[in-house]
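Chain and residue survey
Listed here are the chains, written in short residue letters.
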Amino acid sequence: MTSTQHIKKVKFAIIGAGSAGLTAWNEIKQVTDDYVLIDSGPLGTTCARVGCMPSKALIHIAEHYHSWHEAASLGIEMPAQPILHSDQVFERVRRFRDRFTSGLIANTTDTLTEQHFITGRAVVFSNGEVHVNDLVIVAERLIVAVGSKPIVPDDWLENLGDLALTSDTVFELDALPNRLAVIGLGVIGLELGQAFAQLGVEVEGFDAQAQIGGLQDPICNDFMQEYVAQDMPIHLNQQVVPLREQNQVKITFSDGEWVGDKILLTLGRRPNNDWRSESLQDLNIDPQTLQLGDLPIFVAGDASGFHGILHEANREGKTAAQNAINYPETRGRCNLTPLAIVFSHPQLCRLGVAFSDLDLSATIIGTFDLNCNNGRAIVMDQDYGRIRLYADKQSGRLLGGELAMPSAEHLGHLLAWSVQMQLTLNELSNMPFYHPVLEEAVQNVIDTMLDEFNAVHGLAKNK
Ligand SMILES: Cc1cc2nc3c(=O)[nH]c(=O)nc-3n(C[C@H](O)[C@H](O)[C@H](O)COP(=O)(O)OP(=O)(O)OC[C@H]3O[C@@H](n4cnc5c(N)ncnc54)[C@H](O)[C@@H]3O)c2cc1C
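Residues numbered from 1 in each chain as written. Predicted model: local features only at pLDDT ≥ 70, side-chain atom pairs only at ≥ 80, totals over all residues. Heavy atoms only, no water.

Strand order in the open sheet formed by five strands is 18-19-22-21-20, with antiparallel pairing between adjacent strands. The sheet terminates laterally at strand 18 (339–342) and strand 20 (363–369), the two strands that pair on one side only. With direction set aside, neighbouring strand axes in the sheet form an average angle of 10°. Sheet topology places strand 20 next to strand 21 (residues 386–392); seven bridges connect them, and they run antiparallel. Counted as the bridge partner of G366 is L389 from strand 21. Its contacts with the sheet place helix 7 (residues 218–229) against strand 19 (348–352), strand 20, strand 21 and strand 22 (398–404), and it is angled at close to 170° to strand 21. (Pairing = 2+ DSSP bridges. Helix = DSSP H or I, 4+ residues; strand = E, 2+ residues; numbered from the N terminus. Axes fitted to C-alpha atoms, helices over the stretch in contact; angles between N-to-C directions. Contact = heavy atoms within 4.5 Å.)

Here is the structure:
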């Protein structure tokens, strides 16, 4: 404590006014007025500012622009090549971003007075003190929801300067690059890389691993690699180091060299950790209660490092707040069926038990190739993709699966809900399936898996 520091005592302090922090704030303010919300800024949440929303706005434009190229195969002759105004593209993305962030801020932090909202970077100490600017907040219970940031090696940024983009800066562009390399083909790299490729940029992708888009199932991953490579060459198992050469970036890899004008670094995200003072550095976060060690501190959202997706950040914000309210009594979170969607082309979805966690000898696996026999996919020119579903051999319960196909975002939800409801192959097979729809592809997989289940258990074949 120095003589210039002021002290403020509160029952609850929430650090971070992002999605998880605001969810926690919604819970806390219902039970007490004795709280403070702290954020270092910029406000408006990662999701709305530089995450889910601007990326989907850009993907939407890219899909539309790209679809013009398919007109000829549908018998539609275009009078001329469509003209893309890249400044207007990015202006539109930012307009949507601003709409989301300003609405959010107006309904949350803007409604709070100085008593309840403080701007500044917070550091937490093990005695419960939170230091922000020249203020020491002594909080009985704390919720930390400080989010995450893109992983970028410091020396890369120093070397590449303005030639390097991350998800924090890419939506600030006004013009499209001519040649772009994407390093890291996980969810964000794949989504943005394909969007730029659809907008006419020459994109090449690099990844140190052999999986793309977070896929684990080898059948879906192999399909997706082949599909993506049609528009965007990808180089996997490549540990590359981009280097600046005058106003260009150069990447040397095992099969050659890439030279271009911009590079997008999507190497993953890491939880923000600068809120922890030295004494808190080694404490673990309980994955169920979100408690930090045995302290009255609960860590939610990307900051906890467990999920890195929005709906889980919101759930964690709620769990953290409830455990802070009921402390020292703590409860485990309500575990949702894992669900992750990638807004790539085609979309990807992972749900339920991951392929790597399956006991293959105790699992029935169903596979469907969208190129075979799904009438709707064929007439929509979308007869590409793979469905892989996993069921427990003993009970017939659906465990999980992966999809790499058009509309995976919707089918994935239905399947995740089915897993969470513990539906069996038999129950799923008896659901209504309209004709002609993509869902019939799922029906086909389920029926094949049910035949296998019935054979294993000596039951009559499914009719
Ligand atoms: C490009 C991109 C696309 C994405 N797309 C999707 C998607 O389609 N679907 C999906 O589910 N998820 C997506 N995500 C992930 C999703 O955006 C995040 O999981 C979610 O926004 C995390 O919310 P949060 O509350 O944990 O963190 P944030 O919203 O980042 O909030 C953290 C807050 O803490 C503040 N803060 C940080 N440090 C301090 C400190 N020491 N003191 C005070 N305040 C501090 C920050 O200013 C910030 O306001 C995407 C992410 C990116 C980057």
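Picking up after the structure, the text goes on.
We now examine the sheet that holds strand 13 (residues 248–253). If you walk across this open sheet you meet the three strands as 12-13-14, and the pairing is antiparallel. Because the sheet does not close on itself, it has two edges, and the strands there are strand 12 (243–245) and strand 14 (256–260). Mean inter-strand twist for the sheet, computed between neighbouring axes without regard to direction, equals 30°. Sheet topology places strand 13 next to strand 14; five bridges connect them, and they run antiparallel. Counted as the bridge partner of V249 is G260 from strand 14.

Turning to the site of the ligand, a few remarks are in order. As a matter of local geometry, the ligand sits amid 35 residues, with D39, T46, K56, D302 and L310 nearest to it. S40 is positioned such that a nitrogen or oxygen atom in its backbone is 3.1 Å from a nitrogen atom of the ligand. T46 places a polar side-chain atom, nitrogen or oxygen, 2.4 Å from an oxygen atom of the ligand. When residues of the shell around the ligand are traced back to their parent elements, those giving at least two are helix 1 (19–31), strand 2 (35–39), helix 2 (46–49) and helix 3 (52–68). If one sorts the elements of the shell around the ligand by residue count, helix 3 sits on top with three residues. Taken together, the residues that form the shell around the ligand break down as 15 nonpolar, 14 polar and six charged. (Near = heavy atom within 4 Å. Polar contact = N/O pair within 3.5 Å; in protein donor to acceptor, adjacent residues only side chain to side chain. Nonpolar A, V, L, I, M, F, W, Y, C, P; charged D, E, K, R; others polar.)

Its 12 residues place the ends of helix 7 16 Å apart at the C-alpha level, agreeing with the 16 Å of an ideal helix rising 1.5 Å per residue. Residues of helix 7 that are buried include every one of C220, N221, F223, M224, Q225, Y227 and V228, and no others. The secondary structure elements touched by the buried residues of helix 7 are helix 6 (187–198), strand 11 (234–235), strand 19, strand 21 and strand 22. (Expected span 1.5 Å × (residues − 1). Buried < 20%, exposed > 50% of the residue type's maximum accessible area, 1.4 Å probe, protein only.)

To continue, consider the pattern of salt bridges. Considering all chains together, one arrives at 13 salt bridges under this definition. In this structure, K56 and E191 form a salt bridge, with 2.9 Å as the shortest nitrogen-oxygen distance. Of the two residues, K56 is situated in helix 3 and E191 in helix 6; the sequence distance between them amounts to 135 residues. With relative accessibility at 5%, the residue E191 sits in the buried group. One salt bridge in this structure joins D369 and R386, with 3.0 Å as the shortest N-O distance. Here R386 lies in strand 21 and D369 lies in strand 20, a separation of 17 residues in the sequence. Salt bridges here are not isolated pairs; linked through shared partners, they connect R97, D98 and E172. (Salt bridge = Lys/Arg side-chain N within 4 Å of Asp/Glu carboxyl O.)

A separate point is the packing of aromatic side chains. Inspection of the entire model under this criterion finds six aromatic pairs. Plain terms: the ring middles of F298 and Y327 are 6.2 Å apart, the flat faces sit at 70° to each other, and that makes the pair edge-to-face. Here Y327 lies in the loop between helix 8 (310–326) and strand 18 and F298 lies in strand 17 (residues 297–299), a separation of 29 residues in the sequence. Under the relative-accessibility criterion, Y327 is labelled partly exposed at 23%. Lying over the aromatic face of W25, K29 brings its terminal NZ or CZ to 4.0 Å of the ring centre. (Phe/Tyr/Trp six-rings, centres within 6.5 Å; stacked < 30°, edge-to-face > 60°. Lys NZ or Arg CZ within 6 Å of the ring centre and 35° of its normal.)

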